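Analysis of the macromolecular model
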Amino acid sequence: MSDSLLAGLNPPQRHAVTLEQGSALVLAGAGSGKTRVLTTRIAWLLQVKQVPAYRILAVTFTNKAAREMQTRIEGLIGQSCRGMWIGTFHGLCHRFLRQHWRDAGLAQNFAIIDMQDQLSAIKRLLKQHNIDSERYPLKQIQFFINQNKEQGLRPQQLPPAHDVYGKQLQQLYLAYQAQCEQEHTVDFAELLLRSYELLAAHAALREHYQQRFAHLLIDEFQDTNALQYRWLTLLSGSDNQIFAVGDDDQSIYGFRGAEIGNMRRLMQDYAIEQPIKLEQNYRSTGAILQAANAVIARNQQRLGKQLWTEAAEGAPLKLFQANNEQNEAEHVLEQVRALRQQALPYSEIAVLYRSNAQSRLLEHHLFQAGIPYRVYGGLRFFERQEIKHALAYLRLILDPDDDAAFLRVVNVPARGIGSRSVEQLQQFAQQQQSLWQSCSQLTGRVASKFLTFTLLIERLQEACQSLDFASQVEAVVKGSGLREFYGQEKEGRERLDNLDELVNAAALFSQTNPEWPLADFLAHAALEAGEHGAKPGEDAVQLMTVHAAKGLEFHSVFLVGLEESLFPHENALSEHSGLEEERRLLYVALTRARQQLFLSHAQARFLHGQMRYPLRSRFVDDIPANILQTIGVARSPIAPHMPHTAVDGWFIGQTVEHPVFGCGSIAQIERGQSVRIHVNFVQHGLKWLDLRFASITPRQINR
DNA sequence: CTCTAAGAGATTTTT
DNA sequence: TCTCTTAGAG
């Protein structure tokens, strides 16, 4: 039995799968069979080591990955892995909190709110406290709250702030927490923090779970944040095994709090002497791997590994230099057609870009040419307005004190309750009680308006009691007036379809999880916003950001916009180790391709309403020339000899001095009619300087 | 309450 | 340039 499990594994894979005791860090390069190792290890534990399924906990970052892992394990062992805890960090914490809601200090019917909901919650908070959202941008407050939660910090635990601004932020964090308590809502970070705190505070509970989970397996370990790491260590106790799989070179979520350092920390904390390295790549050609290796080798902070393959070198990477972004899109189109000629399905072609804004032009060209395409990104199913409205009604049925849900639909469809009336109600509630409770205490003209609404909700509540799950959703969609509302709207057709789809989703959910209450469906909707990608079976060219492409692979990959300021992105240059993350991002992009890579950059690009003349990305210079073939040069080049990252001796990152603006560093160089440089001055901020007029001097670096 | 117009901001985003 | 948000008029 064990033989068939291990058949076809290479030595390091086999070593990882059959590790007897102690914790391990598996450093799994792109395309090295990471998922296979993880799933085979679990199957091996179950079958060979006879570990009961309930003693295993497997964590991933996405629902998709969790599902895939589960199916693959079940395929390996030939039966269901019931009893095993397998899911995302958030999904598992949610499960834990539903079970221990009382100990966690939560309401039994707590609702999970997504980032959108969180933002509107903060918005309400600002209004209530009369705080200028110019001075305190919503996004910034949200970032502040989430960042602290992800560090495990409650408002009370923050070091005292010295300035007014910091004090205000702390106050807002505190007020936000109070609001969530009152509304029985829990945001994403809160799921983790609550679970962590409960485990930390409740010894009996902690010991119970520590004894239960003999094996903790974590996928994409490089993406864990500080709190997730602490949660894991708490759960692992002193003698449970942690089996972490990840790739430091593919850590691209630093900006969201992922801590690449958790890999080294794990090795220290769990006495792991050497990571197990999976370096044989089964995906790409030799040329593609050479390029990827060369690029990533320039990063300093690495655990170190080098991908290799038994496959042939294959075709060289093709570099196209376009004269502008239109020309670049035309080139992609041309090449896509050529690939199609060779009978390659469209779905095996991906066009990757650094930022979403770049997709529009590509879409336009593909559309014109009648080539099917699919753009990843944008709103997902459960994030759509009409779906959120329907869910808000369901939330209210479940918990009328959910103010967020109340406010969302109190006047949708319109029932004459304007902002004036709502403000009066909020005044009355005084943050002491829920809006729902206040409704019943109101008197006068305003009261009657709200009465129609509360009666509606109560009627729906009653109607739902006798109904099965999907019928409840159906009843709400109809009874709330939402269906009629969107039926009348001009462009409401798609929304109506989506509402029908919601009913289907509910039916499917109750089928798969019989006996699970409505609250779980709502949690499911929040935690799994739905797929971004193509409908299965659809043959379309795949358009997405490099981030979205992680974990995927394609026969042919186009990587467009390889220009300074776009990739690497200009904002990244000023961030701490931003350039290294950009380089990892490139590494991810390159390793998506199995057979063929097309790289391109434009000499001129219209960006933010301005024509820009970006330089070719410095990253292109990192790719060995012998595997890089230039297949096209702009027809009417603006600059005959396209420079690299330096022009006339000036280079990006260089420190310069200006007689008026003082000292600064070069953020960007452009060559159009003349050479312009973008300098970030210490005193005066970003300024464009034309070298024909500006007199700047290089400054000796003495830091 | 809904519609229009003006203004700010424009990386990446698994949950 | 484009898109999303908010303010003010109708």
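Above this note sits the structure.
Note that the structure is predicted; figures quoted are calculated from it, not measured.

Each strand in a sheet pairs with its neighbour through backbone hydrogen bonds, running either in the same direction (parallel) or in the opposite one (antiparallel). Ordered in space as 3-2-6-7-1-8, the six strands form an open sheet in which the pairing is parallel. The outermost strands of the open sheet, each flanked by one partner alone, are strand 3 (85-88) and strand 8 (276-278). Across the sheet, the mean angle separating the axes of adjacent strands is 15 degrees when strand polarity is ignored. Alignment of strand 2 (residues 56-60) against strand 3, held across four bridges, turns out to be parallel. Following the sheet pairing, Leu57 is matched in strand 3 by Trp85. Packing against the sheet, helix 3 (residues 34-47) makes contact with strand 1 (24-28), strand 2, strand 6 (215-218), strand 7 (241-246) and strand 8, and its axis sits at approximately 160 degrees to strand 7.

Attention now moves to the protein's contact with DNA strand B. Not every one of the 30 residues close to DNA strand B is listed here, only the nearest: Tyr253, Arg256, Asn356, Gly418 and Glu575. Among the atoms of DNA strand B close to the protein, meaning within 4 Å, 46% are from sugar or phosphate groups. His90 is positioned with one of its side-chain polar atoms (N or O) 3.3 Å from a base oxygen of DNA strand B. In this structure, Ser419 approaches DNA strand B through a main-chain N or O atom, which is 3.3 Å from a phosphate oxygen. Its residues placed into classes, the surface near DNA strand B shows nine nonpolar, 15 polar and six charged.

Further remarks concern the sheet that holds strand 11 (residues 373-375). Across the sheet, which stays open at both edges, the seven strands sit in the order 11-12-10-13-14-9-17 with parallel pairing between neighbours. Looking at which strands have only one partner, the edges of the open sheet turn out to be strand 11 and strand 17 (628-632). Taking each pair of neighbouring strands and ignoring which way they run, the sheet shows an average axis angle of 25 degrees. Along the sheet, helix 14 (residues 325-341) makes contact with strand 9 (317-322), strand 10 (349-353), strand 12 (541-545), strand 13 (554-559), strand 14 (593-602) and strand 17, crossing strand 14 at roughly 155 degrees. Relative to strand 11, helix 15 (residues 359-368) is tilted by about 160 degrees, and along the sheet it contacts strand 10, strand 11 and strand 12.

A general tendency of soluble globular proteins is for nonpolar side chains to be buried together. Counting residues in each nonpolar core, the largest one holds 47 residues, and the members touching the most others are Leu391, Tyr393, Phe406, Phe450, Phe453 and Leu502. If sequence neighbours within four positions are ignored, Leu502 has contacts with Phe381, Phe382, Ile387, Ala390, Leu391, Val473 and Phe521. The next biggest cluster of nonpolar side chains, apart from the first, holds 44 residues, and it includes Ala104, Leu198, Leu199 and Ile272.

Here we take up the side chain of Gln170. On the secondary structure map, Gln170 appears in helix 8 (residues 164-183). Exposure remark for Gln170: the relative accessible area of 18% places this residue in the buried category. Excluding residues that lie within four positions of it along the chain, Gln170 makes contacts with Phe144, Pro155, Leu158, Pro159, Pro160 and Ala161.

Moving on to unusual backbone geometry. Each neighbour pair has its own omega, and for Val412 with Pro413 the value is -5 degrees, a cis peptide bond. Inspection of the secondary structure puts Pro413 in the loop between helix 17 (403-409) and helix 18 (419-429). For the bond running from Phe567 to Pro568, omega is 10 degrees, close enough to zero to count as cis. Along the chain, Pro568 falls in the loop between strand 13 and helix 26 (570-573). Here His184, not a glycine, exhibits a phi torsion of approximately 60 degrees, which is positive. Mapped onto the elements, His184 comes out in the loop between helix 8 and strand 5 (185-187). The exposure class assigned to His184 is partly exposed, which follows from its relative accessible area of 22%. Positive phi is not limited to glycine here, since Glu220 has a value of about 50 degrees. Mapped onto the secondary structure, Glu220 falls in the loop between strand 6 and helix 11 (226-236).

Summed over the entire model, instances satisfying the criterion amount to 41 salt bridges. Its salt-bridge partner being Glu68, residue Arg72 comes within 3.3 Å of it at the nearest N-O pair. A residue pair is termed a helical-turn pair when its members lie 3 or 4 positions apart in one helix, as Arg72 and Glu68 do in helix 4 (residues 63-77) at four residues. Assessed through its relative accessible area of 34%, Arg72 is described here as partly exposed. The class for Glu68 is partly exposed, based on a relative accessible area of 37%.

Glancing now at the protein's contact with DNA strand C. The environment of DNA strand C is made up of Lys123, Arg360, Phe606, His608 and Gly609. Interatomic distance of 3.4 Å between a side-chain N/O atom of Lys123 and a phosphate oxygen of DNA strand C. Interatomic distance of 3.3 Å between a side-chain N/O atom of Arg360 and a sugar or linking oxygen of DNA strand C. Residues of the surface near DNA strand C, tallied by class, amount to one nonpolar, two polar and two charged.

The final tally for this structure, using the stated rule, is 20 aromatic pairs. With a centroid separation of 5.1 Å and 80 degrees between ring planes, the pair formed by Phe381 and Phe382 is classed as edge-to-face. The two residues Phe381 and Phe382 agree in class, both being buried. An aromatic cluster is built from Phe381, Phe382, Phe469, Phe509, Trp516 and Phe521, whose rings are joined through pairwise contacts. One residue, Arg98, lies across the ring of Phe110, its end atom 3.9 Å from the ring centre. Over the face of the ring belonging to Tyr229 we find Arg265, whose NZ or CZ atom lies 5.9 Å from the ring centre.

Basis of the calculations
Residues numbered from 1 in each chain as written. Chains lettered and ligands numbered in written order. Predicted model: local features only at pLDDT ≥ 70, side-chain atom pairs only at ≥ 80, totals over all residues. Heavy atoms only, no water. Pairing = 2+ DSSP bridges. Helix = DSSP H or I, 4+ residues; strand = E, 2+ residues; numbered from the N terminus. Axes fitted to C-alpha atoms, helices over the stretch in contact; angles between N-to-C directions. Contact = heavy atoms within 4.5 Å. Near = heavy atom within 4 Å. Polar contact = N/O pair within 3.5 Å; in protein donor to acceptor, adjacent residues only side chain to side chain. Nonpolar A, V, L, I, M, F, W, Y, C, P; charged D, E, K, R; others polar. Core = buried A, V, L, I, M, F, W, Y, C linked by side-chain atoms within 4.5 Å. Buried < 20%, exposed > 50% of the residue type's maximum accessible area, 1.4 Å probe, protein only. Salt bridge = Lys/Arg side-chain N within 4 Å of Asp/Glu carboxyl O. Phe/Tyr/Trp six-rings, centres within 6.5 Å; stacked < 30°, edge-to-face > 60°. Lys NZ or Arg CZ within 6 Å of the ring centre and 35° of its normal.

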